[in-house]
Amino acid sequence: MTDKARAGFKELQKEVLELKRELNAIIVAHNYQRPEVQDIADFTGDSLELARECVGTRAEVIVFCGVLFMAETAAILNPDTMVLLSHRDAGCPLADMIDVDSLREWKERYPQAAVVAYVNTTAAIKAGSDICCTSANGAEVVNAIPDEEILFIPDRNLGHYVSTRTDKKIVLYPGFCATHDNLTVEEVGKARQRYPEARVLVHPECRPEVIELADAALSTSQMLRYAGASNAKDFLIGTEEGMLYPLRKQNPDKEFHLISDSLVCPDMKMTTLETVIETMKARKNIVTVPEEIRVRAKRAIERMLAIS
Ligand code: CIZ
């Protein structure tokens with residue numbers, strides 16, 4: 001980064017901090033956000049960690065730097081606090097792959113199955129599900145509930161990964177995250193040739209054949225813990241490129257390489273310091289969840305929290 005760009009970020013970051021005081025706000029940023037956005041956050045982490053960090057906050061406003069389903073989760077768990085999303089259009093194509101009608105249809109097709117919903121779903125989908133899970137606790141949740149048949153929504157790759165860690169019958173809904181699903185076996189192979197000593201860490205939203213080549217399939221929070229505890233010096237990372245920033249910051253003595261340049265989520269990159277400032281100045285992009293949906297969605301999240 002040039003000195004000019006760095007100075008520009010500093011000015012904007014100062015403005016964000018002033019607005020934060022004015023609004024009595026807390027700012028949280030997902031691990032996939034741009035580095036300069038992560039730097040202004042009170043907390044960084046995965047979506048659930050962030051939503052939980054906000055619980056009990058004395059702030060009047062939560063500024064969520066991430067995508068819509070994450071801000072919704074914060075609104076579900078913090079109904080008395082105003083939640084602002086850092087960019088109006090920052091959505092999640094994976095979450096949008098299932099709507100209430102298709103969920104109803106799939107439930108009718110598998111009436112005996114319990115619905116386990118990845119947190120990457122809208123509030124309405126969580127409300128229609130029996131329990132939520134994250135990429136970190138999918139297998140733990142599936143194994144802890146009494147049901148023997150599971151309808152896993154919406155990510156087929158995460159669902160497949162979970163199915164390799166349980167004896168239960170898992171029905172896969174055919175959704176996927178385009179960013180992770182794009183990662184190929186060839187790209188992993190080439191990266192391994194370049195860095196033969198490196199540990200390969202990929203996200204469970206990657207395809208099964210990619211996961212098979214990895215040393216570990218981990219959520220973002222698990223990757224941070226794994227890299228911190230490992231004796232390895234080199235890591236090949238198969239998740240959204242924003243993750244390199246916290247990995248490098250927390251492990252300055254280790255090297256992290258992105259497996260493919262295509263590991264960029266366009267929605268995560270919509271948020272910039274400028275959009276955070278605009279959002280806070282205008283108090284716009286307020287995320288609300290109708291109470292009837294919120295209560296049911298919260299039940300599915302809390303059932304997961306009780307297990308994991
Ligand atoms: O739930 C999250 O934060 C996502 C999308 C990924 C992860 O592994 O943290």
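Residues numbered from 1 in each chain as written. Predicted model: local features only at pLDDT ≥ 70, side-chain atom pairs only at ≥ 80, totals over all residues. Heavy atoms only, no water.

Peer 1: How should the overall build of the protein chain be read in this particular structure?
Peer 2: Broken down by element type, the protein chain carries 15 helices and 12 strands. Along the three orthogonal principal directions, the C-alpha set of the protein chain runs to about 55 × 55 × 30 Å. Taken across its 308 residues, the protein chain has 56% of its residues classed as buried. Sequence-distant contacts, at least 24 apart, represent 62% of the contacts inside the protein chain between residues at least 6 apart. Accessible surface for the protein chain amounts to roughly 13,800 Å². Of this, 49% is attributable to carbon and sulfur atoms. (Helix = DSSP H or I, 4+ residues; strand = E, 2+ residues; numbered from the N terminus. Buried < 20%, exposed > 50% of the residue type's maximum accessible area, 1.4 Å probe, protein only. Contact = heavy atoms within 4.5 Å. Areas by Shrake-Rupley, 256 points an atom, 1.4 Å probe, with all protein chains shown as cover.)

Peer 1: What exactly am I supposed to notice about the sheet that holds strand β3 (residues 61–65) here?
Peer 2: Within a sheet, adjacent strands bond to each other through the backbone by hydrogen bonds, running parallel or antiparallel. If you trace the four strands from one edge of the open sheet to the other, you get β2-β1-β3-β4, paired in parallel fashion. Each edge of the sheet is formed by a strand with only one pairing partner; in this case those strands are β2 (43–45) and β4 (82–85). Between one strand axis and the next, the sheet turns by 20° as a mean value, whatever way the strands run. Alignment of β3 against β4, held across four bridges, turns out to be parallel. Residue Phe64 lies in a different strand from β4, and its bridge partner there is Leu85. (Pairing = 2+ DSSP bridges. Axes fitted to C-alpha atoms, helices over the stretch in contact; angles between N-to-C directions.)

Peer 1: Before we go on, may I ask you to explain the packing of helix α1 (residues 3–23) against helix α14 (residues 273–282) in this structure?
Peer 2: In helix packing, the relevant descriptors are the interaxial angle and the interaxial distance, both defined with respect to the helix axes. As a packed pair, α1 and α14 sit with axes 10 Å apart at the nearest point and diverge in direction by 25°. Taken together, the axes of α1 and α14 lie roughly parallel to each other. Crossing angle aside, the handedness with which α1 passes α14 is left-handed. Two secondary-structure elements touch here, α1 through Phe9, Leu12, Gln13, Glu15, Val16, Leu19, Lys20 and Leu23 and α14 through Leu273, Glu274, Val276, Ile277, Met280 and Lys281. Partitioned by chemical class, the residues of the contact of α1 with α14 number nine nonpolar, one polar and four charged. (Parallel < 35°, antiparallel > 145°, perpendicular 65-115°, else oblique. Left-handed = near helix turned anticlockwise from the far one by under 90°. Nonpolar A, V, L, I, M, F, W, Y, C, P; charged D, E, K, R; others polar.)

Peer 1: Explanation requested: the nonpolar core in the structure shown.
Peer 2: Side chains that are nonpolar tend, in soluble globular proteins, to be buried together. Of all hydrophobic cores here, the largest spans 81 residues; its most connected members are Phe64, Val83, Val116, Val202, Ile237, Ile259 and Met304. When residues in this core are grouped by element, the largest group, seven residues, is from helix α4 (residues 68–77). Excluding residues that lie within four positions of it along the chain, Phe64 makes contacts with Val28, Ser47, Leu50, Met70, Ala71, Ala74, Val83, Leu84, Leu85 and Ser86. Counting residues in each nonpolar core, the second largest holds 18 residues, with Val16, Ile27, Ala41 and Val276 among its members. (Core = buried A, V, L, I, M, F, W, Y, C linked by side-chain atoms within 4.5 Å.)

Peer 1: Explain the state of the cysteines to me, please; I cannot follow it from the model alone.
Peer 2: Counted by the stated rule, this structure contains zero disulfides. For Cys132, which is in no disulfide, the shortest distance to another cysteine sulfur is to Cys133 and amounts to 7.6 Å. The buried category is assigned to Cys132, whose relative accessible area is 0%. (Disulfide = S-S within 2.5 Å.)

Peer 1: Whenever I open this one, the packing of aromatic side chains confuses me. Can you help?
Peer 2: Here the distance between the centres and the angle between the planes together describe a pair of aromatic rings. In this structure the tally under the stated criterion is three aromatic pairs. Ring plane angle 35° and centroid distance 6.1 Å describe the contact between Trp106 and Tyr110, whose orientation is recorded as tilted. Look at Trp106 and you get buried, because its relative accessible area is 12%. Measuring from centroid to centroid gives 5.1 Å for Phe235 and Phe256, while their planes differ by 15°, and the two rings are stacked. (Phe/Tyr/Trp six-rings, centres within 6.5 Å; stacked < 30°, edge-to-face > 60°.)

Peer 1: Got a minute to help me understand the site of the ligand in this structure?
Peer 2: Around the ligand, the surrounding shell consists of His30, Tyr32, Asp46, Ser47, Met70, Val119, Asn120, Ser135, His203, Ser219 and Thr220. One of the side-chain N or O atoms of His30 is found 2.6 Å from an oxygen atom in the ligand. By residue class, the composition of the shell around the ligand is three nonpolar, seven polar and one charged. (Near = heavy atom within 4 Å. Polar contact = N/O pair within 3.5 Å; in protein donor to acceptor, adjacent residues only side chain to side chain.)

Peer 1: How do you make sense of the side chain of Gln33 when you look at a structure like this?
Peer 2: Note that Gln33 resides in the loop between β1 (25–30) and α2 (35–38). For Gln33, the side chain forms a polar contact with the main-chain oxygen of Met268, separated by 3.1 Å. Sequence-distant contacts of Gln33, defined by excluding residues within four places in its chain, comprise Gln38, Cys65, Gly66, Gly242, Met268, Lys269 and Thr271.

Peer 1: I'm lost on the domain arrangement of the protein chain in this one. Help?
Peer 2: How big an interface is tends to be stated in terms of the accessible area lost upon association of its parts. Domain boundaries in the protein chain define domain 1 (3–90 + 268–282), domain 2 (95–177 + 292–307) and domain 3 (183–258). For domain 1 versus domain 3, the separation of C-alpha centres amounts to 26 Å. Residue-level contacts link 10 residues of domain 1 with 13 residues of domain 3. At the boundary of domain 1 with domain 3, total buried surface from both sides reaches about 870 Å², with 48% on carbon and sulfur atoms. Taken as a group, Asn31, Tyr32 and Lys269 account for 53% of the area that domain 1 buries against domain 3, more than any other trio of residues on that side. (Domains from an automatic or database assignment. Buried area = accessible area lost by both parts, 1.4 Å probe.)

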